[in-house]
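Observations on the three-dimensional arrangement
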Amino acid sequence: MNLKKNKLFSLMLAAVLPLTSVNAPNNEVELTRRVNAFLTIKDYPSAMQQAKEGLTAFPKSSLLQQAWIRALAKAGDDREALLAWINYHQSFEKEIQNRTLEDIAWSVLNKSKDSPSLLLRFYSMVAALLTQDIQAVDLLYSQMTNSNSVMRMIAVNLAAYLGDEPLRKKIEQLVKEEKNTDVRLAAIKSAGKLRIHSLKQTLQKIVADEKSRFEEKAASIEALVTMMDAIEKDELLKLIKSDRAGLRLLACEIITSEIGDESIDADMVKPLLSDSNPLVRAAACEFYGLKIVPYDQNIIDRLIRDPDPCVSIMATWCLYQQDPERAEKLMEPWINHQCANIRLKAACTLAHAGSNAVTQMKSILKNHQDVFVKANIAIGLIGMRESIEESCLCLYELLLDKRLLMMDESQRFTAVSLSSLRHSELIPSYPEAIDQMTRLKLLNILAILHSPFAKEGITTFLEQRNWGVTGMASATLLEEGDAESAELVRSCLNSESPQVRIQAALVLASWLKDKGALLVLQNAYTEVDRETKIKILEAIGNIGDADAIPFLIERLQESFQAERIVSAFAIIRCLNH
């Protein structure tokens, strides 16, 4: 139907346009307007024909040259458009160069969204998102309706970083109707990030439903807490008294996050300390520990003897505020437990016990054999500015460990741990990507403290780790580092080792958006493998420096489509930075 309307409108336009230019039938401005009119209604063949006829009459017209290139790009003939741009760009004004070049770059991206290759569609979506351009909305929306569940899942995750109304509506629909569990989970998380309040009731039903997957319940709780700027006391009491454990857990999370009416007090949480569900009991303990409020001795003694280790550990943690000597004795068996996961729970909990636990933490740091127990205790001590030198040494020793690391958020408190992540269709080399980010966070701690181990740690990291997280990971995982880290990495740009120079430049570009990395990346491009080339192009796009545009234009002429897509993304970023 739309096609018929466009054709009809084109015929009407063709009939009307000659009448508007009777007095100046050969005017290049009027001819350009005709081309743009056809482009507006997406009649690209007519636009190309009109531009070609205009150039026959005015071969040196920059306006018509621009119109011709735009018509080629919009029609999807990006290679011909690029050749035309190269042939004519020296005579264009800067504004025209930018506009036409951006059209060409978007032509490359849009063409790839329908590619049979999932990898190319993946790159086109990530590139479109990172440009932060309005055209990314249409591209992501089209992939959110894709028949391939992996593509839908990627698009839903990326849509949370734009939040335009069509994407919000689609996410809402997917939360309610999507059958694929991974896509639905991604939609729930995106709904929370975008604060889609119309989904509150749907999310509460997921939390209350005993048949809901644990991951969906956890994501729904997090989303609801994010959405709630305030909650009435009566509504909160309903959650606390609910016969659904999920809703009672939601009540704990809301209260602990300091959301709600000021009249909320410890007495409201007290019944949850005796809840039938261990997750609710542990969450209630956390509230008492964080608020440092008085508690019933009989209740806390019962919770310390709780058969669930997580509840017992959290109850012991509460005890540090009022009876630290007893808490220390009770925590010791958990810190030395034969199960590594329980030791980790105890360590990351103890690390948040405050000044009353410092003596015990120092002893653990000095004497314990578990490197992950020591690392989490070290982070806790650094937070209190205690035993800085010994703690930095502990983190440096962990960085020398070649096993993959992660930040485990399944605990009540986040813990650095041995990675248990599996490879994901969503993010290539996902465990390795998380390992890199975890190590950078630890290095950042050393850099902030001006530790003598920081420089050696950075150098070792760059020598042994293949930095450069491509695709989805760069859109969702990378965080900006601090100035101290930047200086340490920047000093490695002059290393004698080509590997260290390239890795340092990738970190500076991707993590710190440092323009000082640009020349190193460009010089290294021809000497590296294809995977690293893609990382370099993406890193250059992250920097967003217009000086890189000539280099990126050359990359658009390459034969491999993946490199062309990432180059297109980088060009748009550089033009709009």
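Quantities reported herein were computed from a predicted structural model and do not represent experimental measurements. (Residues numbered from 1 in each chain as written. Predicted model: local features only at pLDDT ≥ 70, side-chain atom pairs only at ≥ 80, totals over all residues. Heavy atoms only, no water.)

**With respect to the overall build of the chain**
When helices and strands are tallied, the chain shows 33 helices and two strands. Intrachain contacts of the chain at a sequence separation of at least 6 include 65% that bridge at least 24 residues. Here the chain has roughly 26,900 Å² of accessible surface; of this, 49% comes from carbon and sulfur atoms. (Helix = DSSP H or I, 4+ residues; strand = E, 2+ residues; numbered from the N terminus. Contact = heavy atoms within 4.5 Å. Areas by Shrake-Rupley, 256 points an atom, 1.4 Å probe, with all protein chains shown as cover.)

**What to know about helix H19 (residues 309-319)**
When you tally the buried positions in H19, you get 10 out of 11 residues, the bulk of the element. Of the positions making up H19, those classed as buried are Cys310, Val311, Ser312, Ile313, Met314, Ala315, Thr316, Trp317, Cys318 and Leu319. Buried-residue contacts for H19 involve helix H17 (278-291), helix H18 (297-304), helix H20 (324-335) and helix H21 (340-350). Of the residues that open H19, the one with a side-chain oxygen 2.9 Å from the backbone nitrogen of Cys310 is Asp308. (Buried < 20%, exposed > 50% of the residue type's maximum accessible area, 1.4 Å probe, protein only. Polar contact = N/O pair within 3.5 Å; in protein donor to acceptor, adjacent residues only side chain to side chain.)

**Things to note about the environment of Gly354**
Mapped onto the secondary structure, Gly354 falls in the loop between H21 and helix H22 (358-367). Taking the C-alpha atoms as reference points, Gly354 and Tyr320, 34 residues apart in sequence, are found 8.2 Å from one another.

**Considerations on the nonpolar core**
In terms of nonpolar packing, the biggest core is built from 195 residues, with Ile171, Leu203, Leu236, Leu350, Leu521 and Leu552 touching the most fellow members. When residues no more than four places from it in sequence are discounted, the contact partners of Leu350 are Tyr320, Ile335, Ala357, Gln360, Met361, Ile364 and Ile377. (Core = buried A, V, L, I, M, F, W, Y, C linked by side-chain atoms within 4.5 Å.)

**Structural notes on the pairing of strand E1 (residues 405-408)**
Where E1 and strand E2 (residues 415-418) come together, four bridges link them in antiparallel fashion. Considered in E2, the bridge of Asp408 is made with Ala415. Where E1 hands over to E2, the hairpin turn is made up of six residues, counted between the paired strands. (Pairing = 2+ DSSP bridges.)

**Remarks on the side chain of Ser417**
Positionally, Ser417 belongs in strand E2. Under the relative-accessibility criterion, Ser417 is labelled buried at 5%.

**Looking at the pattern of salt bridges**
Opposite charge on two side chains permits pairing when their charged atoms draw close. Across all of its chains, the model carries 23 salt bridges by this definition. Taking the shortest distance from any N to any O, the salt bridge between Arg168 and Glu165 comes out at 4.0 Å. Taken together, the residues span about one helical turn, with Arg168 and Glu165 both in helix H10 (residues 165-177) at a distance of three residues. On the basis of relative accessible area, Arg168 is assigned to the partly exposed category, the value being 22%. Judged by its relative accessible area of 45%, Glu165 is partly exposed. Here Glu531 ties to Lys535 by a salt bridge, and the two come within 3.5 Å at their closest N and O atoms. Of this pair, Glu531 and Lys535 both sit in helix H31 (residues 530-543), four residues apart, roughly one helical turn. Under the relative-accessibility criterion, Glu531 is labelled partly exposed at 49%. Of the residues examined, Lys535 reaches a relative accessible area of 6% and is grouped as buried. A single network of salt bridges, built from pairs that share partners, joins Arg184, Arg213, Glu215 and Glu216. (Salt bridge = Lys/Arg side-chain N within 4 Å of Asp/Glu carboxyl O.)

**Some remarks on the packing of aromatic side chains**
For the structure shown, the criterion picks out three aromatic pairs. Ring centres of Tyr525 and Phe551 lie 5.5 Å apart, and the angle between their planes is 90 degrees; on these two criteria the pair is classed as edge-to-face. With Tyr525 in the loop between helix H30 (518-524) and H31 and Phe551 in helix H32 (residues 549-556), this pair connects stretches of sequence that are 26 residues apart. Each of the two residues, Tyr525 as well as Phe551, counts as buried. We note Arg530 situated over the ring of Phe560; from NZ or CZ to the ring centre the distance is 3.9 Å. Its end group placed over the ring of Phe551, Arg555 keeps NZ or CZ at 4.6 Å from the ring centre. (Phe/Tyr/Trp six-rings, centres within 6.5 Å; stacked < 30°, edge-to-face > 60°. Lys NZ or Arg CZ within 6 Å of the ring centre and 35° of its normal.)

**Quick word on the confidence of the model for the chain**
Residue-level pLDDT values for the chain average 84, and 87% of them are 70 or greater. Overall, residues 1-5 carries pLDDT values under 50, and its contacts beyond four positions in sequence, including any with other chains, amount to zero contacts. Note on residues 469-478: pLDDT under 50 across the span, and 38 contacts to partners over four residues away in sequence or across chains. (pLDDT = per-residue confidence, 0-100.)

**Digging into unusual backbone geometry**
With phi around 60 degrees, Lys42 is a residue other than glycine that occupies positive phi space. Look at Lys42 and you get exposed, because its relative accessible area is 58%.

**A short note on the state of the cysteines**
Applying the stated criterion to the full structure yields zero disulfides. We note that Cys318 lacks a disulfide partner, and the nearest cysteine sulfur, in Cys285, lies 4.9 Å from it. Since its relative accessible area comes to 3%, Cys318 is described here as buried. With no disulfide of its own, Cys348 has Cys310 as its nearest cysteine by sulfur position, at a separation of 8.8 Å. (Disulfide = S-S within 2.5 Å.)

**What to know about the packing of helix H2 (residues 28-40) against helix H3 (residues 44-57)**
Geometrically, a packed helix pair is captured by the angle between its two axes and the distance between the axes. Running from amino to carboxyl end, H2 crosses H3 at an angle of 165 degrees, the nearest separation of the two axes being 8 Å. Classed by the angle they form, the pair H2 and H3 counts as roughly antiparallel. Classified by chirality, the crossing of H3 by H2 is left-handed. In this structure, H2 uses Leu31, Arg34, Val35, Phe38 and Leu39 to contact H3, whose residues at the interface are Tyr44, Ser46, Ala47, Gln50, Ala51 and Gly54. Counted by class, the contact of H2 with H3 contains seven nonpolar, three polar and one charged residues. (Axes fitted to C-alpha atoms, helices over the stretch in contact; angles between N-to-C directions. Parallel < 35°, antiparallel > 145°, perpendicular 65-115°, else oblique. Left-handed = near helix turned anticlockwise from the far one by under 90°. Nonpolar A, V, L, I, M, F, W, Y, C, P; charged D, E, K, R; others polar.)

**Here we look at the side chain of Lys170**
When you line up the elements, Lys170 lands in helix H10. Of the side chains with opposite charge, Glu177 lies nearest to the buried Lys170, which makes no salt bridge, at 6.7 Å. Every residue in contact with Lys170, bar those within four places of it in the chain, is listed here: Tyr141, Met144 and Thr145. (Lys, Arg positive; Asp, Glu negative; His and termini not counted.)

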